[in-house]
Structure formats: structure tokens, C-alpha cells
Amino acid sequence: MSFVWTIAEQYRGTLKPVSFELLSRGRKLADKLGTKLASVLIGDGVGEEGMNELILRGADEVYSAQDPRLADFVCESHALVLARLIRTWNPSIILAAATSSGRTLMPYVAIKVHSGLTADCTELDIEEGTGNLLQTRPAIGGNIMATIKTPDHRPQMATVRPKSSRPLEKDPGRAGRIISVPVTDDLIDMRVKVLGYRKDAADFVNLEEADVVVAGGKGLKKAENFALIRGLADALGGAVGASREAVDRGWIAYPHQVGLSGKTISPDLYIGAGISGSIQHLAGIKTSGTIVSVNPDPDANLHKIADFAIVGDAFRVLPAIVRHLERRKSEAK
Ligand SMILES: Cc1cc2nc3c(=O)[nH]c(=O)nc-3n(C[C@H](O)[C@H](O)[C@H](O)COP(=O)(O)OP(=O)(O)OC[C@H]3O[C@@H](n4cnc5c(N)ncnc54)[C@H](O)[C@@H]3O)c2cc1C
């Protein structure tokens, strides 16, 4: 029996990357507890290859509840399936993603199984001695980190932000078990019918999926200067991010905000220019691959965690990088 579960997410038969990120979190907890880790897949159309990938990336077991009636995320039906699985197998810990579906599903399930839920955790650990899940998240407006325990109820449930951990590499040596869960009619709530999906095109910024993010902050002085950030992002084929100061000043729209009250990102390359590196901003970038900081202040916090700290003026450094990239591009032709 698996005691730590993670909830996989899928869309049209393809697993979302967050399913694998959750497994890397879950693996650490399961190893500490000396127990198994399972991934729960509720949906439709995910084939053997997808389910095997869950195993190669950390799961010991996959509970697969797949049915065409579960293809779309309908909270009521997905909650009925998950609640039944919980009552049948009694997991100790369940981790879900703090995505719109995870944030909708988990409170609903928590009520059904009479347990608690800690939303938006940034750190998870196991308490020595008791084996309780330590669920750490920002509290009181982000000014403190609170660690929450659920000693009296099971399962202990938490959501974690996408991109706040990296998936484990596929380990071809891993083996696991796929358990097919029957989806009976009583698990399907027919009151809700999905008619279709429409993408919200307004100010759509795919920061979370970008491999390169170039972000600007208050050091850019005014909105027009974000052209420098866009120029470098375009040259690198990346997306534009921003600090909250830049967003609050109206220089750029909120969907670009990175950090505690914005997006959590994990690009291969993050370049922050005119950003001091507040704890709230760093919370959104700490799993980035390579971090580059551009700031004339040698003591800027972002420099301290950066892989490359460029102590200099963004108005000179960014155009110089763009010129260099353009030169290299034309030489390569
Ligand atoms: C509950 C809560 C949630 C928050 N959430 C977020 C969040 O999600 N994201 C976020 O970013 N912040 C967040 N904040 C705000 C955060 O505390 C900081 O105020 C903010 O990150 C600072 O933004 P900044 O780095 O752009 O500005 P500053 O801290 O003012 O830094 C500006 C930097 O620009 C540098 N600079 C000046 N001139 C130049 C130049 N010519 N070239 C290059 N650099 C230059 C300066 O040296 C300075 O380091 C939150 C705060 C709270 C309380």
C-alpha cells in the first residue's frame, strides 16, 4: 500500500509537467517515511507510456481512474473518485498542484474526507519522531513562514505551486505497478457538462512554460524602458517577467509578475535587471537553472544568489548583450 500520493494532471490525454514535479516532492517524503509513493491519475486517454513515465520519474504505483466521462476536469466527479480512493486505501499524505484544478479539487475533497488542507506550500518535510507532514507556507501577508501540522486527521493534504520543484530524471531502472480503478456510474456527477474551452487571450503570458525569462524591476525607472527587457527577451526567444514594484507602478501588467504574489517560474535561464532580489521575488525564481543579475549595486541581494552577477547599469548592459547576440546570429548565417 502507498502512503504518500501525488495527484497527476492531464489535458486531452497528455500528462502535465506538474505531475512529475509533484512526484519529486513526494519521493523525498516517501523515502523519509520508508513508504511507497503513488501517483493518482484521474482523467482519460493517458496511455501506458504516460503512466510508465510516472513510474520512471518516481512513483511506485499509479492509480489510474480513466474514463471518457472524466476527460474534462469536473470537480464533482473527480472529487467523488478521489474520495473513494482515499476511503479504500487510506493514504497518509496527498500532494496536489496549486493549479486552478488542484485548488478547486482539494478543498472539495478535504470536506468529503473530513481532513485539512494547507494551500500553496513552499516547503514540505517530515517531523522527526511523529512522522507528521510539516507544511510550510507564507502567512500574514508573506511576512512570516508558518509551518502547519495535521496531527489528528488523515490524509494530510497540501497543494504546492507548479514550478517550485524540478522533476526527477527518468530512471529506466525503476519498476512499478499500475492499478486500474473501475469508474462506476455513481462516481460521475451528470449535472455538469463541459461545452468547450476558450483560451483567455487577454494579456496571456506563458511565463511558467518559458525556457528563458528576462525580468525588469524598479531600477528601469519608467514603463518605456521595459523595451530593453522586451528586446533582450526577443533576442533570446524568451518571455518578459517583472518585479512587483514594476507592476504596481503600472509599467507592465500583473500577469508578468514573478514572485510570492505573482508567478513561480523555473526557466533554464533567468535574467533579472533593475531588481534588488527581495525574498518575495526570490520565492518565484529559486528553481531557475542559471540566474543572471544586472544591477549597479554590488550588494544587491539578487547578485548573491546569481550564477552570474553583472555589476553594472541595465541601460548599458542589456543593449550590449542584444548587440552581441545579433552579431553572433549574423556571423552564423
Ligand atoms: C506579501 C508580499 C508579497 C510580495 N510579492 C512580490 C512578488 O510576487 N514579486 C516581487 O517582485 N515582489 C513582491 N513583493 C515586493 C517585494 O518586497 C519588493 O518590494 C519588490 O520585489 C522590489 O522590487 P524591485 O526589486 O523591482 O525594486 P527595488 O527593491 O527598489 O530594487 C530596484 C533595484 O534596481 C537597481 N537599479 C537602480 N538603477 C539601476 C540600473 N540603472 N540598472 C540596473 N539596476 C538598477 C537598484 O540598485 C535596486 O537594487 C511582495 C511584498 C509583500 C509584502
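All residue numbers refer to positions counted from 1 along the written sequence of the respective chain. For this predicted model, a pLDDT threshold of at least 70 governs which residues receive local features, and a threshold of 80 or more governs which side-chain atom pairs are given and counted, while totals over whole chains, interfaces and linings are taken from all residues. Side-chain metrics in this entry use all non-hydrogen atoms of the structure; hydrogen atoms and water are not considered.

S.K.: So what exactly am I meant to see when it comes to the overall build of the protein here?
M.R.: Only DSSP runs of H or I with at least four residues qualify as helices, and only runs of E with at least two residues qualify as strands; both kinds are numbered from the N terminus onward. Within the protein one finds 9 helices and 17 strands. Both definitions apply: the radius of gyration is a C-alpha atom measure, and the globule rule equals 2.2 Å times residues to the power 0.38. Its C-alpha radius of gyration of 22 Å places the protein within 12% of the 20 Å reference for a compact globule of 333 residues. Any residue under 20% of the maximum accessible area for its type is buried, any over 50% is exposed, and the rest in between are partly exposed; the area is computed with a 1.4 Å probe on protein chains only. For the protein, the residues scored as buried account for 50% of the 333 residues in total. The long-range fraction of contacts in the protein, counting pairs at least 24 apart against all pairs at least 6 apart in sequence, stands at 64%. By element, 53% of the accessible surface of the protein is carried by carbon and sulfur atoms, the whole surface being about 16400 Å². Working convention for charge: Lys and Arg count positive, Asp and Glu count negative, and His plus the chain ends are omitted. Positions of charges follow a simple convention, taking NZ of Lys, CZ of Arg, CG of Asp or CD of Glu. The average position of the 41 basic charges and that of the 39 acidic charges among the side chains of the protein differ by 3 Å. We call two residues in contact when some of their heavy atoms are within 4.5 Å. Areas reported here follow the Shrake-Rupley algorithm with a probe of radius 1.4 Å; residue values treat only the protein chains shown as occluding.

S.K.: In this structure, what is going on with the layout of surface pockets? I would like to understand it.
M.R.: Empty space among the atoms becomes apparent when a probe as large as a water molecule is rolled across them. Lining residues are defined by having an atom within 4 Å of a point belonging to a cavity or pocket. Those points lie on a 1 Å grid over the protein atoms alone, cavities being sets where a 1.4 Å probe fits but cannot get out and pockets being open sets with protein on both sides within 12 Å along at least five of seven lines. Grid points are joined across faces, edges and corners, and a volume is the space filled by probe spheres set on the points. Counted as a void, the second largest pocket has a volume near 640 Å³. Forming the boundary of the second largest pocket are 36 residues, of which Gly259, Leu260, Ser278, Gln280 and His281 lie nearest the centre. Secondary-structure elements contributing two or more residues to the lining of the second largest pocket are β7 (117-121), β9 (133-139), α6 (244-248) and α7 (279-282). Mapped onto the domain boundaries, the lining of the second largest pocket takes at least three residues apiece from domain 1 (2-187) and domain 2 (212-332). Segment limits for the domains were obtained from an automatic or database-derived domain assignment.

S.K.: What am I meant to see in the domain arrangement of the protein here?
M.R.: The figure often quoted for interface size is the accessible area lost as the parts come together. Domain annotation for the protein reports domain 1 (2-187) and domain 2 (212-332). Averaged C-alpha coordinates put domain 1 and domain 2 at centres separated by 33 Å. Taken together, the contact between domain 1 and domain 2 spans 9 residues of the former and 14 residues of the latter. By convention, the term buried area covers the 1.4 Å-probe accessible surface removed from two parts as they join, with the contributions of both added. Summed over both partners, the interface of domain 1 with domain 2 buries about 810 Å², with 43% contributed by carbon and sulfur atoms. A side-chain nitrogen of Lys or Arg and a carboxyl oxygen of Asp or Glu constitute a salt bridge if their distance falls within 4 Å. Applying the counting criterion to the domain 1 and domain 2 interface returns 1 salt bridge.

S.K.: Where do I start with helix α5 (residues 226-236) in this structure?
M.R.: Every α-helix winds through 3.6 residues per turn, so residues three or four apart in the chain are directed the same way. All of the buried residues in α5 are Phe226, Ile229, Leu232 and Ala233. Summarising the axial view, the buried residues of α5 lie within an arc of 120°, below the 170-degree limit, and thus occupy one face. Tucked inside the fold, the buried residues of α5 contact β13 (212-216), β14 (239-242), α6, β15 (269-273) and α9 (314-332). With its phi angle positive at about 65°, glycine 237 sits one or two positions after the end of α5. Taken from the helix axis, the directions to the C-beta atoms give the arc we talk about.

S.K.: Help me out: how do you make sense of helix α1 (residues 18-33) in this one?
M.R.: Multiplying 1.5 Å by the residue count of a helix minus one yields the expected span of that helix. Its 16 residues place the ends of α1 23 Å apart at the C-alpha level, agreeing with the 22 Å of an ideal helix rising 1.5 Å per residue. For α1, the tally of buried residues reaches 12 of 16 residues, placing the bulk of the element in the interior. Among all positions of α1, only Val18, Ser19, Phe20, Glu21, Leu22, Leu23, Ser24, Arg25, Gly26, Arg27, Leu29 and Ala30 are buried. Looking one or two residues beyond α1, the residue adopting positive phi is glycine 34, at roughly 65°.

S.K.: Just to check I follow, could you spell out the packing of α5 against α9 for this structure?
M.R.: The description of two helices packed together rests on the angle between their axes and the distance between the axes. Angles run from 0 to 180 degrees between N-to-C directions of axes, and those axes are lines fitted to C-alpha atoms, restricted for helices to the stretch in contact. Interhelical geometry of α5 versus α9 gives an angle of 25° and a closest axis separation of 10 Å. With respect to α9, the axis of α5 lies roughly parallel. In this structure, α5 crosses over α9, and the sense of that crossing is left-handed. Between α5 and α9, the contacting residues are Leu228, Ile229, Gly231, Leu232, Ala235 and Leu236 on the first element and Ala314, Phe315, Leu318, Pro319, Ile321, Val322, Leu325 and Lys329 on the second. In this scheme, roughly parallel covers angles under 35 degrees and roughly antiparallel covers those over 145, while 65 to 115 is roughly perpendicular and the rest are oblique. Take the far helix as your reference; a near helix turned counterclockwise from it by less than a right angle gives a left-handed crossing, and one turned clockwise gives a right-handed crossing.

S.K.: What's the story with the pairing of strand β16 (residues 290-294) in this structure? I'm lost.
M.R.: Strand residues, when the strand is regular, have side chains that alternate between the two faces of the sheet. Burial within β16 is extensive, with 4 of its 5 residues counted as buried. For two strands to be treated as a pair, DSSP must find no fewer than two bridges joining them. Pairing analysis gives 5 bridges linking β15 to β16, with the strands arranged parallel. Counted as the bridge partner of isoleucine 271 is valine 292 from β16. Taken together, the 3 bridges between β16 and strand β17 (residues 308-310) define a ladder with parallel strand orientation. By the bridge assignment for β17, serine 293 is matched with alanine 309.

S.K.: Sorry, what's going on with the packing of aromatic side chains here?
M.R.: What characterises a pair of aromatic rings is the spacing of the ring centres plus the angle enclosed by the ring planes. The rule is short: rings of Phe, Tyr and Trp, with Trp giving its six-membered ring, pair when the centres are within 6.5 Å, and they are stacked under 30 degrees, edge-to-face over 60, tilted in between. Enumeration over the complete set of coordinates arrives at 3 aromatic pairs. Plain terms: the ring middles of tyrosine 11 and tyrosine 197 are 5.6 Å apart, the flat faces sit at 85° to each other, and that makes the pair edge-to-face. Remark: tyrosine 197 occurs in the loop between β12 (177-180) and β13 and tyrosine 11 occurs in strand β2 (residues 10-11); sequence separation between them is 186 residues. For tyrosine 11, a relative accessible area of 39% gives the class partly exposed. The partly exposed category is assigned to tyrosine 197, whose relative accessible area is 46%. Ring centres 5.1 Å apart and planes at 55° place the aromatic pair tyrosine 63 and tryptophan 89 in the tilted group. Here tryptophan 89 lies in helix α3 (residues 75-89) and tyrosine 63 lies in strand β5 (residues 61-66), a separation of 26 residues in the sequence. Owing to a relative accessible area of 0%, tyrosine 63 belongs among the buried residues under this scheme. Under the relative-accessibility criterion, tryptophan 89 is labelled partly exposed at 25%. Through a chain of ring-to-ring contacts, three or more aromatic side chains come together here, namely Trp5, Tyr63 and Trp89.

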